[in-house]
Amino acid sequence: MKVIIDQSKCVAAGQCVLSAPDVFDQREEDGIVVLLTENPPQHLVADVRQAAVLCPAQAIWLREQAGESGREGEE
């Protein structure tokens, strides 16, 4: 899975950090999302999917890699 974020859409709600703190962080100055790892390990995939679903700004996209199950382009 590849994680893609759009910082220009982020509203700094922090739901991603609460859901997957090993994958997402927030900038100190304004709370905008920071991606810590573009390709999270398998044991974090469910948390990352939850973060994408909970994002109020829909600023997180998930792209499945070849051989992975799931929905392409899930938000």
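Our subject is the structure listed above.
For clarity, every value in this text was computed on a predicted model and none was experimentally measured.

Q: Requested: an account of the overall build of the protein, with residues and values cited.
A: Helices and strands together make up the secondary structure of the protein, namely two helices and four strands. Listing each helix as α and each strand as β along the protein from the N terminus yields β-α-β-β-α-β. A burial count over the protein gives 36% of its 75 residues as buried. For the protein, the share of sequence-separated contacts (at least 6 apart) that also reach a separation of at least 24 residues comes to 50%.

Q: Describe empty space enclosed by the protein, naming the residues involved and giving the relevant values.
A: Considering all chains together, one arrives at one cavity of 30 Å³ or more under this definition. In this structure, the largest cavity encloses a volume near 110 Å³. Around the largest cavity, the lining comprises 14 residues; the ones closest to its centre are Cys10, Ala13, Gly14, Cys16 and Cys55. Looking at the lining of the largest cavity residue by residue, the classes come out as ten nonpolar, four polar and no charged.

Q: Report on the state of the cysteines, specifying residues and quantitative values.
A: Using the criterion set out here, one finds zero disulfides in the structure. Its sulfur unpaired, Cys16 is 6.3 Å from the next cysteine sulfur, which belongs to Cys10. Cysteine Cys55 shares no disulfide, and the gap to the nearest cysteine sulfur, in Cys10, comes to 6.4 Å. On the basis of relative accessibility, which here comes to 13%, the residue Cys55 falls in the buried class.

Q: Would you mind going over the pattern of salt bridges in detail, with residue names and values included?
A: Summed over all chains, the structure comprises three salt bridges. Residue Glu29 pairs with Arg27 through a salt bridge whose shortest N-O separation is 3.6 Å. Across the salt bridge formed by Glu64 and Arg49, the nearest N and O atoms sit 2.9 Å from each other. Here Glu64 is found in the segment after strand 4 (60-63), whereas its partner Arg49 is found in helix 2 (residues 45-54), with 15 residues between them in sequence. It is possible to trace a salt-bridge network through shared partners that takes in Arg27, Glu29 and Asp30.

Rules and cut-offs
Residues numbered from 1 in each chain as written. Predicted model: local features only at pLDDT ≥ 70, side-chain atom pairs only at ≥ 80, totals over all residues. Heavy atoms only, no water. Helix = DSSP H or I, 4+ residues; strand = E, 2+ residues; numbered from the N terminus. Buried < 20%, exposed > 50% of the residue type's maximum accessible area, 1.4 Å probe, protein only. Contact = heavy atoms within 4.5 Å. 1 Å grid on protein atoms, 1.4 Å probe; cavity = no way out; pocket = protein on both sides within 12 Å on 5 of 7 lines; lining within 4 Å. Points joined across faces, edges and corners; volume = space filled by probe spheres on them. Nonpolar A, V, L, I, M, F, W, Y, C, P; charged D, E, K, R; others polar. Disulfide = S-S within 2.5 Å. Salt bridge = Lys/Arg side-chain N within 4 Å of Asp/Glu carboxyl O.

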